[in-house]
2 protein chains.
Amino acid sequence: MAPVKNGRLLFNEYPEGYPIPGKTTVYDESETIDLENVPLDGGFLLKVLNVSVDPYLRGKMRVDSAYSDHFLPGKPVYNLGVGVVLRSELSGVKPGDHIYGYLPFQQYVVKPSLDDYQILQNEHNLPWSAFVGVAGMPGETAYYSWKEYSSAKKGEVAFVSTAAGSVGSFIVQLAKADGLKVIASAGSDEKVAFAKSIGADVAFNYKTTDTNEVLAKEGPIDVYYDNVGGSSLDAALAHASQGARFIECGMISGYNADPPPVKNLMSIIYKEIKIFGFLITSLRPKYVDEFYREVPKLVANGTIKYLEDRTQGLQYAGHALEAVQRGTNKAKSVIIVNEE
Amino acid sequence: MAPVKNGRLLFNEYPEGYPIPGKTTVYDESETIDLENVPLDGGFLLKVLNVSVDPYLRGKMRVDSAYSDHFLPGKPVYNLGVGVVLRSELSGVKPGDHIYGYLPFQQYVVKPSLDDYQILQNEHNLPWSAFVGVAGMPGETAYYSWKEYSSAKKGEVAFVSTAAGSVGSFIVQLAKADGLKVIASAGSDEKVAFAKSIGADVAFNYKTTDTNEVLAKEGPIDVYYDNVGGSSLDAALAHASQGARFIECGMISGYNADPPPVKNLMSIIYKEIKIFGFLITSLRPKYVDEFYREVPKLVANGTIKYLEDRTQGLQYAGHALEAVQRGTNKAKSVIIVNEE
């Protein structure tokens, strides 16, 4: 079989503000790959099925990234994804196996070992894209941090930002399962409708409704799940109850511009607020077995609901990266790189 | 005996910035009291010996105070203090007893009951002023919060702001006792010298030395004890270690003016920082017995050191209130109202 194009989304330059497709990233089809003959050198060849687009990726687009690795100009963007094995020389890996881990935004890739990758069993027959969302890193993020830090008690009030996203929508459902009243914010009426459909007691579009007004009416809040920072965090501080817990997952309002100043930090003291920053890697050892035992089953039987915004084809991945930063995506963003 | 003057420091008007003596507060000698004949109505008459001046009092000078009570124009300023009983009609209270609790800034006062007051035993013969400092509320504040939230481990690095104050200087000593390296900041060379004398490994005047430079060289920091907020908090966020703990006791940089914006809040996430706001009242039940069993003894035998900035006479109390807000006091501020 003749070599085929191996399309890639390359990181091109560090952006000042939002990542712009064609500038921050460029789609490139200059490379080809001979799927039958490419040397594996003891490894395996993957056809990439999907890759995830997450808010945190903006942090990898900084040369002074606080995350351990940042994207390199001329190299592919990468994130968690799922690929299917086409060929393998590695013991324990066979064609048809599905592999989960950090994958480049490209159509095919040879990997030398299973280090940092896992073979998905998918006993509950979930769509493969679920493993980069509700049944993968974003789901783990929500699950671990809620269990570890919410100290949720029945009857309390939770405020969840980006409530239609992969993390936020899971948090809404975890909070409802724990018996809390849930106030949910999102950036479009469509997202608000989804937040309501999964159980949020109050859901509002923060672009058209004042967060402070909603929290003044529906709060005070005992748990704030923060994916936004800035004005949303400030409103949460202003309307926190005594002894509230703040779980700091993300602060997207500051990723692409200077974050709005937070004025109510004194509330931390007056209201005896506890604020928990976390990275999923530190919590994984404690909760990972429980997560993969419980969550895929609950997703499969419909107890846990999720919604995806699927982008077909890597050539549009740059647009998806921008949309997630601007919040114009409709739900958890995933790139369908190849059909199986 | 003829009536005597009963001098009082009255709260006069809510300040915009710093509290100005003669404007925010006025000293008033218009009232008199007949110490031998004033009706006690079943209570007791106190001669006030001392009252404490603490940074948090600025919060009581706001009509929208986040603290439960604020000062009322025309009424005396009040804070924790010690008084000696002159006369009593209350069972269990006798002349010569020393009483600790919230007292008005005035020379003599009749109290109806022991509710909210305690009789000091002073087994270790401390100066009575110690009970509004190292062996009172500020000491309790330091002790309780350090025990509850520092998770201090030997060899870690602590950064303590306002390190010559009543809370900060106690924290320096608690951190050293736990085997930490202590970086201390204060606002004058004299305060820096005191911080060094009680064990701080590194002490600097934040007005003449850049906090970020010191922390870059001597950090990263595992515990930050915050009495300042603003730029100090921002520097601590920038130089925190992974998993650092921040104990939020005060944010004086924002008490008298808009606080400087804090830009490094994203560090909370990247560095998995935990931030603990607290009020002493919530921690007291857990630690109060331990505190009064241990601390007065350690103060008496010199293990725990403290320094006071004593103001003689209520007529100068307004100046002390201002000095503590400006940081021009030399150490823990206490007003000596009457000699015993």
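Being a predicted model, the structure only gives us computed values, none of them experimental. (Residues numbered from 1 in each chain as written. Chains lettered and ligands numbered in written order. Predicted model: local features only at pLDDT ≥ 70, side-chain atom pairs only at ≥ 80, totals over all residues. Heavy atoms only, no water.)

What follows covers helix α4 (residues 211-218) of chain B. All names here are of chain B. For α4, the complete set of buried residues consists of Thr 211, Val 214, Leu 215 and Glu 218. One side of α4 holds all its buried residues, which, seen down the axis, span an arc of 95 degrees. Opposite the packed face of α4, turned more than 90 degrees from it, sit the exposed residues Glu 213, Ala 216 and Lys 217. Taken together, the buried residues of α4 touch β10 (157-160), β11 (181-186), β12 (202-205), β13 (221-226) and α5 (230-238). (Buried < 20%, exposed > 50% of the residue type's maximum accessible area, 1.4 Å probe, protein only. Helix = DSSP H or I, 4+ residues; strand = E, 2+ residues; numbered from the N terminus. Arc of directions from axis to C-beta. Contact = heavy atoms within 4.5 Å.)

Residue and element names in this part refer to chain B. Inspection of every chain in the model, using the stated rule, returns 32 aromatic pairs over all chains. A centroid spacing of 6.4 Å and a plane angle of 55 degrees characterise the contact between Tyr 143 and Phe 170, whose relative ring orientation is tilted. With Tyr 143 in helix α1 (residues 137-149) and Phe 170 in helix α2 (residues 166-177), the pair connects residues that are 27 residues apart, well separated along the chain. As far as the burial class goes, Tyr 143 and Phe 170 line up, both buried. Arranged with centres 6.3 Å apart and planes meeting at 15 degrees, the rings of Phe 159 and Phe 204 form a pair that is stacked. Separated by 45 residues along the polypeptide, Phe 159 in strand β10 and Phe 204 in strand β12 bring together distant segments of the chain. (Phe/Tyr/Trp six-rings, centres within 6.5 Å; stacked < 30°, edge-to-face > 60°.)

Residue and element names in this part refer to chain B. Its location among the elements puts Val 167 in helix α2. Accessibility expressed as a relative area gives 12% for Val 167, which makes it buried. Separated by 34 residues in the primary sequence, Val 167 and Gly 133 place their C-alpha atoms 8.3 Å from one another. Once residues lying within four places of it in the same chain are set aside, the contact partners of Val 167 are Pro 138, Thr 141, Ala 142, Tyr 225, Asn 227 and Cys 249.

Moving on, we come to the packing of helix α1 (residues 137-149) of chain A against helix α2 (residues 166-177) of chain A. All names here are of chain A. Put simply, α1 and α2 touch, their axes get as near as 8 Å, and they point 40 degrees apart. If you check the angle between α1 and α2, you find them oblique. Crossing of α1 against α2: the hand is right-handed. Listed contacts from α2 to Pro 138, Gly 139, Thr 141, Ala 142, Tyr 143 and Trp 146 of α1 are Ser 166, Val 167, Phe 170, Ile 171, Leu 174 and Ala 175. In terms of residue class, the contact of α1 with α2 is made up of 9 nonpolar, 3 polar and no charged. (Axes fitted to C-alpha atoms, helices over the stretch in contact; angles between N-to-C directions. Parallel < 35°, antiparallel > 145°, perpendicular 65-115°, else oblique. Left-handed = near helix turned anticlockwise from the far one by under 90°. Nonpolar A, V, L, I, M, F, W, Y, C, P; charged D, E, K, R; others polar.)

Below, the discussion takes up the pattern of salt bridges. All names here are of chain A. What the rule picks out here adds up to 36 salt bridges over all chains. Glu 218 serves as the salt-bridge partner of Lys 217, at 3.5 Å between the closest nitrogen and oxygen. Salt bridges sharing common partners tie together Arg 8, Asp 28 and Glu 31. (Salt bridge = Lys/Arg side-chain N within 4 Å of Asp/Glu carboxyl O.)

Residue and element names in this part refer to chain B. In terms of burial, β11 is a largely internal element, 5 of the 6 residues being buried. Where β10 meets β11, 4 bridges bridge the pair, whose relative direction is parallel. Opposite Phe 159, over in β11, you have Ile 183 as the bridge partner. Following the backbone out of β11, through helix α3 (residues 189-197) and into the adjacent parallel β12, one traces a crossover that is right-handed. (Pairing = 2+ DSSP bridges. Right-handed = clockwise from strand over helix to strand, strands pointing away.)

Bringing the relation of the copies chain B and chain A into the picture now. Take chain B, turn it by 180 degrees, move it 0.0 Å along the axis, and it overlays chain A with an RMSD of 0.0 Å. Seen this way, the second copy is the image of the first under a two-fold rotation axis. Among all C-alpha atoms of chain B, that of B:Ile275 lies closest to the rotation axis, at 2.4 Å. Here 100% of the contact residues of chain B are again contact residues in chain A; the copies associate through an equivalent surface. (Least-squares fit on C-alpha atoms with pLDDT ≥ 70 in both.)

A separate point is the domain arrangement of chain A. All names here are of chain A. Domain boundaries in chain A define domain 1 (4-132 + 307-336) and domain 2 (137-280). Relative placement of domain 1 and domain 2: their C-alpha centres are 29 Å apart. If you look at the interface, domain 1 gives 23 residues, while domain 2 gives 14 residues. Summed over both sides, the interface of domain 1 with domain 2 buries roughly 1,300 Å², with 53% coming from carbon and sulfur. It is Leu 307, Lys 330 and Lys 332 that lose the most area in domain 1 upon contact with domain 2, and together they represent 28% of the buried surface on that side. Taken together, the links from domain 1 to domain 2 amount to 1 salt bridge. A salt bridge links Glu 190 to Lys 330; its shortest N-O distance comes to 3.8 Å. Across the domain 1-domain 2 interface, the total number found is 6 residue pairs in polar contact (both at pLDDT 80 or more). For the side of domain 1 that touches domain 2, the per-class residue count stands at 12 nonpolar, 4 polar and 7 charged. (Domains from an automatic or database assignment. Buried area = accessible area lost by both parts, 1.4 Å probe. Polar contact = N/O pair within 3.5 Å; in protein donor to acceptor, adjacent residues only side chain to side chain.)

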